[in-house]
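Listed below are the residues making up each chain.
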Amino acid sequence: MKVKDILQCMVLGSGILFSSCTDFLDEDKNPNALSQSQFWQSEEDIMKGLTSVYAALQPYNSWAEAYERYLVVDEYRSDLITFRDDVTSWMDVASFTNEATGSVSKSEWTYLYKGINYANQCIDNIPNIQVDSEDGKALQKQAVAEARFLRAYFYYRLYQNFGEKVPIYLHQLEGTQEEFYPEQAKAGELVNLIETELSEIQNLLPEEYETEEKGRATRYMAAAVLGKFYMFRGELAKAEAEFQKIIDQGDKPDGSKGRLFGLMENWNENFDGLHKNNKESIFEVQFTGNREGGHYEANEFAVHLAPFAANGYEEAYPTQWLFDTMMENEKVVDGSGNETGHYSARALYTLIFDDPECRPFYYEEGKSYVDYHYVNPKPGDPKPFYWHKYVTWTEGKSSYWDESFFNIQVIRYADILLLYAECLNDRGMTNDAIKYINMVRNRVKVKPLESTMGRDEVLKHLQDVERPCELALEGVRWYDLIRWGIVEKALKDHEKPLVKNYVDSKHKLFPIPHSEFLVNPDWEQNPGFSK
């Protein structure tokens with residue numbers, strides 16, 4: 001979908017249809033549609049409009065859109081995932097044969113500009129609603145700040161995946177030629193926008209919410225995204241300052257407890273759907289599993305990742321490298337540092353493999369791995385392994401197991417601890433960095449890092465062990481490889497399937513969709529791709 005088409009006429013996530021900003025002919029007006037001036041009338045409309053912006057995080061799930069957006073876009077290019085030969089557009093992304101006509105990058109582009117449009121409508125119109133109460137005026141200011149956060153987050157995702165040469169929209173459409181045929185952003189414009197917005201809104205957002213409102217934007221959510229933006233740009237000193245704001249409100253290596261953030265005692269509770277928006281959560285995309293009244297509050301992660309033996313689609317697998325890394329490094333130790341013969345919760349709930357303690361939800365009582373995944377093997381057949389993270393279900397929480405009700409993790413406190421440690425290590429405070437890494441390791445009872453490790457050793461550990469083991473499938477690995485400058489080396493060293501197709505100067509970005517050049521033929525395409 002072209003930017004012109006995306007922005008010309010939108011359906012709000014709350015179900016309100018706005019008529020086009022460009023009613024070129026009166027007889028073409030939809031009598032059932034609301035214009036901007038008709039909709040924005042009351043305090044109630046503030047939350048309706050803002051809900052539409054949050055809804056842009058949660059794509060309509062008619063065909064695995066959430067899976068495509070948060071796993072195919074964010075993970076399929078990395079060294080953690082290999083794929084089954086099934087969905088051509090997903091295979092193209094994973095095998096680096098995608099081009100400007102590809103549907104995956106086009107869909108992501110479309111979703112992001114829809115979200116930006118929803119945010120702009122809120123930012124422009126909410127301040128003009130007549131509100132008399134002090135609470136209503138406070139809501140106005142906060143809602144605009146939330147919309148600004150979400151808009152900045154959408155632009156951040158554009159920056160990560162499409163680079164800087166994208167059009168910038170800061171206001172709702174008025175039907176001008178400049179809006180429909182925009183210029184690409186000049187160097188530095190998008191960076192400045194993201195940085196400025198995420199900095200300015202922090203003091204306008206609350207620190208936390210009551211339970212029923214959790215999941216909405218907080219000042220620490222903005223600080224976390226800004227910090228990750230700085231990390232992606234290699235500005236670690238700036239990133240550290242943002243992460244410090246979160247660390248100040250969280251648990252510390254010395255055992256002191258934070259006011260807002262900490263690590264869940266049981267690692268797997270971050271992904272079971274029963275502990276949403278917990279103390280470790282900073283940013284989650286919300287899902288409920290509800291399908292009543294036309295809703296589709298499900299993400300279908302589980303059914304796409306689950307093995308055939310569970311009646312899943314088995315679309316993706318962990319790579320051999322990740323499996324070997326976890327088998328080697330995720331062994332539980334006792335208080336004396338001796339291995340106990342058990343694997344950590346990270347291993348047991350990230351992977352499905354042959355271990356008596358690894359029991360996915362579909363295992364029946366009295367049955368084990370061999371009853372599902374190693375039936376009548378031939379001599380020498382290797383034992384396969386699958387994804388366990390997000391392959392979960394609790395009966396009664398959704399009508400069927402493929403209607404996944406858990407939230408999608410975007411940023412956890414564990415991620416922030418490891419990024420903060422990376423910043424400390426970068427400026428020579430390696431001993432302090434190790435303490436923060438060991439917080440994450442101690443939670444899953446694996447061997448702590450030795451305090452004698454050097455700066456380069458710690459960085460290598462973060463790159464090859466800690467971050468992939470802790471954060472697999474959470475949308476960070478591909479962007480980590482880019483910011484470390486090791487994409488090509490990691491893909492080759494870890495034997496990513498079809499790595500021969502990867503071109504370092506080309507495949508770090510998606511191409512700008514072909515359809516954009518039909519309207520804007522003078523735009524510049526990202527390196528290596530044709531228009």
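Refer to the structure printed above.
Our subject in this report is the structure included herewith.

Side note on the overall build of the protein
Looking only at helices and strands, one finds 21 helices and 8 strands in the protein. Computed over the C-alpha atoms, the radius of gyration of the protein is 23 Å, within 12% of the 24 Å expected from 2.2 N^0.38 for a compact globule of 531 residues. Overall, the C-alpha framework of the protein stretches about 75 × 50 × 50 Å when taken along its three principal axes. Sorting the 531 residues of the protein into buried and exposed places 59% on the buried side. Within the protein, contacts between residues at least 6 apart in sequence are counted, and of these 67% link residues at least 24 apart. In the form shown here, the protein has an accessible surface area of approximately 22,200 Å², with 47% of it arising from carbon and sulfur atoms. Side-chain charges in the protein split into 56 positive and 87 negative, and the spacing between the mean points of these groups amounts to 3 Å.

Some details on the pairing of strand β2 (residues 281-285)
Across the 5 residues that make up β2, a large majority, 5, are buried. Where β2 lies against strand β8 (residues 408-412), 4 bridges are found, and the strand directions are antiparallel. The residue bridging S281 from the neighbouring strand is R412, located in β8.

A short note on the packing of helix α9 (residues 189-200) against helix α10 (residues 219-232)
Direction vectors running N to C along α9 and α10 enclose 150 degrees, while the axes themselves pass 9 Å from each other. The orientation of α9 relative to α10 falls into the category roughly antiparallel. As α9 packs across α10, the resulting crossing turns out to be left-handed. Across the interface between the two elements, V191, I194, E195, L198 and S199 of α9 pack against A222, V225, L226, F229 and Y230 of α10. Residue composition of the contact of α9 with α10, by class: 8 nonpolar, 1 polar and 1 charged.

Let's talk about the nonpolar core
The biggest cluster of nonpolar side chains holds 163 residues, and the ones touching the most others in it are Y67, Y76 and F149. Each residue touching Y67, except ones within four places of it in the same chain, is listed here: V72, Y76, W90, N299, F301, H304, L305, E315 and A316.

As for the environment of L417
Structurally, L417 is set in helix α16 (residues 413-426). A sequence separation of 19 residues divides L417 from Y436, and the C-alpha atoms of the two residues are 6.0 Å apart.

Side note on the pattern of salt bridges
Under the definition given, this model contains 48 salt bridges. When the shortest N-O distance is used, the salt bridge between K238 and E195 registers 3.2 Å. You can see K238 sitting in helix α11 (residues 236-247) and its partner E195 sitting in helix α9, a full 43 residues away along the chain. We classify K238 as partly exposed; its relative accessible area is 36%. The salt bridge partner of D504 is K508, with a shortest N-O separation of 3.5 Å. By relative accessible area, which is 28% here, D504 ends up partly exposed. Judged by relative accessible area, K508 falls into the partly exposed class, the value being 27%. One connected set of salt bridges, linked through shared partners, spans E280, E330, R346, K389, R412, R441, R443, E466, E470 and E474.

Concerning the packing of aromatic side chains
As enumerated under the stated definition, the model contains 40 aromatic pairs in all. Residues Y67 and W90 carry aromatic rings whose centres are separated by 5.1 Å and whose planes lie at 40 degrees to one another, so their mutual orientation is tilted. Here the residue Y67 occupies a position in helix α4 (residues 65-75), and W90 occupies one in helix α5 (residues 88-94), the gap between them amounting to 23 residues. Ring centres of W109 and F162 lie 5.2 Å apart, and the angle between their planes is 75 degrees; on these two criteria the pair is classed as edge-to-face. Taken together, the residues span a long stretch of sequence, with W109 in helix α6 (residues 103-125) and F162 in helix α7 (residues 134-162) at a distance of 53 residues. Residue classification places F162 among the buried residues on the basis of a relative accessible area of 0%. A cation over an aromatic ring shows up here: R77 above the ring of F510, its NZ or CZ 4.0 Å from the ring centre.

Description of the side chain of Q172
Within the secondary structure, Q172 is located in the loop between α7 and α8 (177-180). Judged by its relative accessible area of 10%, Q172 is buried. Within the structure, Q172 has its side chain in polar contact with the side chain of N125 (distance 2.5 Å).

Definitions and limits used
- Residues numbered from 1 in each chain as written.
- Predicted model: local features only at pLDDT ≥ 70, side-chain atom pairs only at ≥ 80, totals over all residues.
- Heavy atoms only, no water.
- Helix = DSSP H or I, 4+ residues; strand = E, 2+ residues; numbered from the N terminus.
- Rg over C-alpha atoms; globule rule 2.2 N^0.38 Å.
- Buried < 20%, exposed > 50% of the residue type's maximum accessible area, 1.4 Å probe, protein only.
- Contact = heavy atoms within 4.5 Å.
- Areas by Shrake-Rupley, 256 points an atom, 1.4 Å probe, with all protein chains shown as cover.
- Lys, Arg positive; Asp, Glu negative; His and termini not counted.
- Charge placed at Lys NZ, Arg CZ, Asp CG, Glu CD.
- Pairing = 2+ DSSP bridges.
- Axes fitted to C-alpha atoms, helices over the stretch in contact; angles between N-to-C directions.
- Parallel < 35°, antiparallel > 145°, perpendicular 65-115°, else oblique.
- Left-handed = near helix turned anticlockwise from the far one by under 90°.
- Nonpolar A, V, L, I, M, F, W, Y, C, P; charged D, E, K, R; others polar.
- Core = buried A, V, L, I, M, F, W, Y, C linked by side-chain atoms within 4.5 Å.
- Salt bridge = Lys/Arg side-chain N within 4 Å of Asp/Glu carboxyl O.
- Phe/Tyr/Trp six-rings, centres within 6.5 Å; stacked < 30°, edge-to-face > 60°.
- Lys NZ or Arg CZ within 6 Å of the ring centre and 35° of its normal.
- Polar contact = N/O pair within 3.5 Å; in protein donor to acceptor, adjacent residues only side chain to side chain.

Any link to function would need more than the numbers given here.
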